[in-house]
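# Geometric and topological summary
One-letter residues, chain by chain:
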Amino acid sequence: MALISFDLDGVLCRNPFQSKRPDGVFGHIRKELAPFTGLTGPEAEEAALRMVLEEHRNRLMAGKMVDCFDWDDIVATVGKRLGYTGQMDVAALVTHYAQNPDLCYGYPGAEACLQALTDAGHTLVAVTNGFRRYQEPVLRQLGLLPYFRALICPDMVGAAKPERPIFEAAAAYGGPPRIHVGDTLHHDVAGARRAGWQAIYLHQPGAPGSTEIPAELAALPPVQRPARAMAWLRFRLQRELQFYPWPPAELAECIPDAIAFRLAEVPEAVAALVR
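Let me begin by describing the structure that accompanies this report.

Right, let's get into unusual backbone geometry. The omega torsion across Pro176 and Pro177 is 0°, close enough to zero to call that bond cis. Cis peptide bonds are those with omega within 30 degrees of zero, and the linkage from Trp246 to Pro247 qualifies with -10°. With respect to the helices and strands, Pro247 occurs in the loop between α11 (230–243) and β8 (258–260). The phi torsion at Gln18 lies on the positive side, around 50°, for a residue other than glycine. Mapped onto the fold, Gln18 is located in the loop between β2 (13–14) and α1 (24–33).

It is worth spelling out the pairing of strand β4 (residues 123–127) at this point. Within β4, 4 of the 5 residues are buried, which leaves it mostly tucked inside the rest of the structure. Strand direction decides the pairing type here: strand β1 (residues 3–6) and β4, joined by 4 bridges, are parallel. The partner of Leu3 across the bridge, within β4, is Thr123. Sheet analysis places β4 next to strand β5 (residues 150–152), joined by 3 bridges and oriented parallel. In the sheet register, Val127 faces β5, and the bridge partner there is Ile152. Following the backbone out of β4, through helix α6 (residues 132–142) and into the adjacent parallel β5, one traces a crossover that is right-handed.

This part takes up α1. Burial of α1 is extensive: 7 of the 10 residues sit out of reach of the surface. Turning to α1, its buried residues are Gly24, Val25, Phe26, Gly27, Ile29, Arg30 and Leu33. For α1, the elements touching its buried residues are α2 (41–61), α3 (71–82) and α4 (90–97).

We now examine the environment of Ile152. Within the secondary structure, Ile152 is located in strand β5. Between the alpha carbons of Ile152 and Val127 there is a distance of 4.9 Å; along the sequence they are 25 residues apart.

Where α4 meets α6, the closest approach of the two axes is 9 Å, and the angle between their N-to-C directions is 15°. Here α6 runs roughly parallel to α4, going by the angle between their axes. Remark: the crossing between α4 and α6 carries right-handed chirality. Taking contact as the criterion, the partners of Val90, Ala91, Val94 and Thr95 in α4 are, on α6, Arg133, Tyr134, Pro137 and Val138. Residue composition of the contact of α4 with α6, by class: 6 nonpolar, 1 polar and 1 charged.

Attention shifts here to the layout of surface pockets. In this structure, the largest pocket encloses a volume near 1500 Å³. Around the largest pocket, the lining comprises 45 residues; the ones closest to its centre are Asp9, Arg14, Pro208, Phe243 and Tyr244. The set of elements that each furnish at least two residues to the lining of the largest pocket consists of β2, α2, α6, α9 (185–194), β7 (198–202) and α11. Counting residues per element, the lining of the largest pocket draws most heavily on α2, at 6 residues.

Now for the packing of aromatic side chains. Scanning all chains against the criterion turns up 12 aromatic pairs. With 5.2 Å between their ring centres and 80° between their planes, Phe26 and Trp71 make a pair best called edge-to-face. Of this pair, Phe26 sits in helix α1 while Trp71 sits in helix α3, and the two are 45 residues apart along the sequence. Here Trp71 falls in the buried class, since its relative accessible area comes to 11%. Taking the centre distance of 5.8 Å and the plane angle of 80° together, the rings of Trp232 and Phe261 count as edge-to-face. Taken together, the positions of Trp232 in helix α11 and Phe261 in the loop between β8 and α12 (266–274) put the pair 29 residues apart, joining distant regions of the chain.

Now for the sheet that holds β1. Strand order in the open sheet made by the 6 strands is β5-β4-β1-β6-β7-β8, with parallel pairing throughout. Lying at the two open borders of the sheet, with one neighbouring strand each, are β5 and β8. On average, each strand axis in the sheet is tilted by 25° relative to the strand beside it, whichever way the strands run. Inspection of the sheet shows β1 paired to strand β6 (residues 178–182) by 4 bridges, in the parallel sense. Each residue of the ladder has a partner; that of Phe6, found in β6, is Val181. Each of β1, β4, β5 and β6 touches helix α8 (residues 164–171); the most contacted strand, β4, lies at about 155° to it. Lying on the sheet, α9 is in contact with β6 and β7; it crosses β7 at an angle near 160°.

Conventions and cut-offs
- Residues numbered from 1 in each chain as written.
- Predicted model: local features only at pLDDT ≥ 70, side-chain atom pairs only at ≥ 80, totals over all residues.
- Heavy atoms only, no water.
- Helix = DSSP H or I, 4+ residues; strand = E, 2+ residues; numbered from the N terminus.
- Buried < 20%, exposed > 50% of the residue type's maximum accessible area, 1.4 Å probe, protein only.
- Pairing = 2+ DSSP bridges.
- Right-handed = clockwise from strand over helix to strand, strands pointing away.
- Contact = heavy atoms within 4.5 Å.
- Axes fitted to C-alpha atoms, helices over the stretch in contact; angles between N-to-C directions.
- Parallel < 35°, antiparallel > 145°, perpendicular 65-115°, else oblique.
- Left-handed = near helix turned anticlockwise from the far one by under 90°.
- Nonpolar A, V, L, I, M, F, W, Y, C, P; charged D, E, K, R; others polar.
- 1 Å grid on protein atoms, 1.4 Å probe; cavity = no way out; pocket = protein on both sides within 12 Å on 5 of 7 lines; lining within 4 Å.
- Points joined across faces, edges and corners; volume = space filled by probe spheres on them.
- Phe/Tyr/Trp six-rings, centres within 6.5 Å; stacked < 30°, edge-to-face > 60°.

Structure (structure tokens):
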């Protein structure tokens, strides 16, 4: 049987950060920091959030692939810069806001997908760029935590996707074969392939950043889609690199072994890859 690793945010669930909403983790952070920006009204909150996200992006572009996902340290750094006198525990905010089903929820078919793979005898782990203290409360709240043998996170292994060591840490739990399921080409697919894993690219309608699915691809089985999807994959990679430009990746290393358009297709794709 195979070792199957899952990315979490955008694949199995929606986390409670959600920068475009006035509530949730980022909403709380920007309200706390807004009075220290020197601005008033909505502009103050927007400026505070922008500073937090810019600190994240600056760390990413500097190649600090672990530090850029440490939201507690990012918020503390921005707060110090602004003269913020309070303290925020981002992990505690995640635990609190994860209880709101409008902010934090599993995607359709998430539990059924994990159950089907478990019933088939596969070992499941999570390989995520979210720190464990942010991911574990979400999985526990959604009832998905028991499906995973381990959570492999940057704060635990000192590396983040697409870096090879995070996949090497996950490989200790089983396989080969080893298959990673993720929703980004340059972090999930390229990272998995560089580590010698197979990759399933999951692109779900309605998930953050999703685009229209070509009908000619949807009509094919998941393992047959990559060969017919070069133009669409190139478009998707360009979109990703606009939002998350580091590290760079070429299309050739971002071609998955299968493409799934809903979680219900993942067990089918896995079965075809391990056959």
